[in-house]
Amino acid sequence: MMLTISTTANPATDLGYLLHKHPDRVQDFGQSFGIARVVYPEADETRCTAALLLDVDSVQLARTRDRSAPDYALGQYVNDRPYAASSLLAVAIGSVFRTARTGKCDNRPQLAAARIPLEITLPALPCRGGPDLARRLFEPMGWAVDTATITLDETFPEWGDSRYLRLTLRGDIRLADALNHLYVLLPVLDDAKHYWVASDEVDKLIRAGASWLAEHPEKELITRRFLRHRSVLTRAAFERLAELGDDLETALDPAVDEEPTRVPLNALRREAVVGALDEIGAATVIDLGCGSGQLISALLDRPAITKVAGVDVSARALTLAGRRVKERAELFQGSLTYTDDRFRGYDAAVLMEVIEHIDPPRLAALEQVVFGRATPQHVIVTTPNCEYNIRYEGLDGMRHTDHRFEWDRAEFQQWATRVGERYGYCLDIRAVGDNDPDLGSPTQMAVFTKRGADV
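Observations regarding the environment of Gly103
Okay, so step 1: Tracing the sequence through the fold places Gly103 in the loop between α5 (98-102) and α6 (109-113).
Okay, so step 2: Here the alpha-carbon distance between Gly103 and Ala114, two residues 11 residues apart in the chain, equals 9.7 Å.
Okay, so step 3: When sequence neighbours within four positions are dropped, the list of residues in contact with Gly103 reads Ala112, Arg174 and Ala176.

Take a look at the structure:
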């Protein structure tokens, strides 16, 4: 079983820094099922290739086989696991390239954050869905996908094609993103895992898919397959992913879900924000931290709102927003912790699930930029209520790997009161989502109104 990663970025040997594996060495990493080995078949200034090879111990693999499986007696001896890319390779990627997957590289920090030309090859990949599924999964992330179907038996061509593909991916992609794509999608393509799927798999999916899964058109298929179609875990993942971005629907297939479909929290949050803007009569609105533009799209459908703008620090998010709103709103890139005159002149500013992504020492700068300099008549802020987190099965820690903090209701009240008093705003705090009598609601919202403003 083998995976190769190549780049022509100059100098190409910097791939070793990004992978945290030296091109001049052969390195072995013990796994529960055998040995993962990293080698560099080529490494010069113009092109560098790293290969991850798995030497699978079939005996050890058989010992971990689930005895309840219907094909246990034969399946432990006859299987494709030592030869075809599967969850075994995904686990090896997760452990061998753990640091590279985080996007951290002290020696080449700018390169780690940049898109570089990559070519990834998997000689044998089980794909339950064929070449079309491989394209549907990888192309939305910017990959050019080449596939070649492997015949079942060259001696008997009349038997047709097997479920295996030779897959080649090419694109200008951040290396950390590429590794996380593979980590999630290899077992998804195979629709199988070699180990028991427990609640911690939800955290693994959230961490690996934080920057792309919520926007993926096949997000439901990916989530279900990654979690081995376990409805309880799938529901938990949908709820968690709804916190990452605006696009993930949490509706479950009634055939696999015994509970009635609920309105997703991200939809409830948008409705609460739009409702508050209607109440205050805002005609011009700026969405600070607009993400992929779901809120902007909803605001553009309100006849009373005559002007909408969106700002985000992420160029990718603005690209997605631009596709959604199609030049009906002004979009621009900017940081919310630096004064920007483009933030001024709006009736209302919205910070929907934004402040928790700001490092606490930088919150004062955001407050000054929004409340002190932009000075809209109204500011609407939403943020998670960490007291509610225990309701999310499989959640260990915060709801998003990029959250710098999460406040309980008292902490949010204290912050909002202090900001309102300092900058001259009245305050109205509201619950969004199911309001548990002991834990509060999953989202908390503050509506700030400038003292003396007409409402």
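After that view of the structure, there is still more to cover.
A few points about the packing of helix α8 (residues 175-190) against helix α10 (residues 219-226)
Okay, so step 1: Across the interface, α8 lies against α10 with an axial gap of 9 Å and an inter-helix angle of 80°. What the angle tells us is that α8 and α10 run roughly perpendicular. Mapping the contact onto sequence places Tyr183, Val184, Leu185, Pro187, Val188 and Leu189 in α8 and Leu221, Ile222, Arg225 and Phe226 in α10.
Okay, so step 2: Of the residues in the contact of α8 with α10, the class split is nine nonpolar, no polar and one charged.

Things to note about the packing of aromatic side chains
Okay, so step 1: Summed over all chains, the structure comprises 11 aromatic pairs.
Okay, so step 2: Between the aromatic rings of Trp407 and Phe412, the centroid separation amounts to 6.3 Å while the plane-to-plane angle is 35°, which identifies the pairing as tilted.
Okay, so step 3: Residue classification places Phe412 among the buried positions, given a relative accessible area of 0%.
Okay, so step 4: With a centroid separation of 6.4 Å and an interplanar angle of 90°, the aromatic rings of Tyr425 and Phe448 are classed as edge-to-face. With Tyr425 in strand β13 (residues 425-432) and Phe448 in strand β14 (residues 443-450), this residue pair connects regions lying 23 residues apart in the sequence.
Okay, so step 5: A relative accessible area of 0% places Phe448 in the buried class.
Okay, so step 6: Ring-pair connections join several aromatic residues into one group, and the members of that group are Phe371, Phe405, Trp407, Phe412, Trp415, Tyr423, Tyr425 and Phe448.
Okay, so step 7: Across from the ring centre of Tyr338, 5.4 Å away, lies the NZ or CZ of Arg362, which sits over that ring.

Points about the sheet that holds β14
Okay, so step 1: In spatial order, the strands read β10-β9-β8-β11-β12-β14-β13; together these seven strands make up an open sheet with mixed pairing. Strand pairing shows two members of the sheet lacking a second neighbour, β10 (330-333) and β13, which therefore form its edges. Averaged over neighbouring strand pairs, the angle between their axes works out to 15° when direction is ignored.
Okay, so step 2: Where strand β11 (residues 348-352) meets strand β12 (residues 378-384), five bridges bridge the pair, whose relative direction is parallel. Each residue of the ladder has a partner; that of Val350, found in β12, is Ile380.
Okay, so step 3: Across the sheet, helix α12 (residues 265-280) touches β8 (284-288), β11, β12, β13 and β14, and the angle it forms with β11 is around 165°.

Some remarks on empty space enclosed by the protein
Okay, so step 1: One pass over the full model with this rule turns up three cavities of 30 Å³ or more.
Okay, so step 2: A volume near 60 Å³ is recorded for the largest cavity.
Okay, so step 3: Every residue along the wall of the largest cavity is listed here: Leu18, Ala100, Gly103, Lys104, Cys105, Ala112, Leu175 and Ala176.
Okay, so step 4: Along the lines of polarity and charge, the residues of the lining of the largest cavity split into six nonpolar, one polar and one charged.

Here's the deal with the nonpolar core
Okay, so step 1: Within the largest apolar cluster, 67 residues are counted, with the highest numbers of intra-cluster contacts made by Leu52, Leu54, Phe138, Trp143 and Val184.
Okay, so step 2: Counting residues per element, this core draws most heavily on α8, at 10 residues.
Okay, so step 3: When near neighbours in sequence (up to four residues on either side) are disregarded, Trp143 contacts Leu118, Ile120, Phe138, Leu169, Arg170, Gly171, Ile173, Ala178 and His181.
Okay, so step 4: In this structure, Ala309, Leu363, Trp407 and Tyr423 belong to the second largest nonpolar core, which totals 31 residues.

Digging into helix α7 (residues 130-138)
Okay, so step 1: Buried within α7 are the following residues: Gly130, Leu133, Ala134, Leu137 and Phe138. Taken end-on, α7 shows its buried residues confined to a sector of 115°, consistent with a single buried face.

Reading guide: rules and limits
- Residues numbered from 1 in each chain as written.
- Predicted model: local features only at pLDDT ≥ 70, side-chain atom pairs only at ≥ 80, totals over all residues.
- Heavy atoms only, no water.
- Helix = DSSP H or I, 4+ residues; strand = E, 2+ residues; numbered from the N terminus.
- Contact = heavy atoms within 4.5 Å.
- Axes fitted to C-alpha atoms, helices over the stretch in contact; angles between N-to-C directions.
- Parallel < 35°, antiparallel > 145°, perpendicular 65-115°, else oblique.
- Nonpolar A, V, L, I, M, F, W, Y, C, P; charged D, E, K, R; others polar.
- Phe/Tyr/Trp six-rings, centres within 6.5 Å; stacked < 30°, edge-to-face > 60°.
- Buried < 20%, exposed > 50% of the residue type's maximum accessible area, 1.4 Å probe, protein only.
- Lys NZ or Arg CZ within 6 Å of the ring centre and 35° of its normal.
- Pairing = 2+ DSSP bridges.
- 1 Å grid on protein atoms, 1.4 Å probe; cavity = no way out; pocket = protein on both sides within 12 Å on 5 of 7 lines; lining within 4 Å.
- Points joined across faces, edges and corners; volume = space filled by probe spheres on them.
- Core = buried A, V, L, I, M, F, W, Y, C linked by side-chain atoms within 4.5 Å.
- Arc of directions from axis to C-beta.

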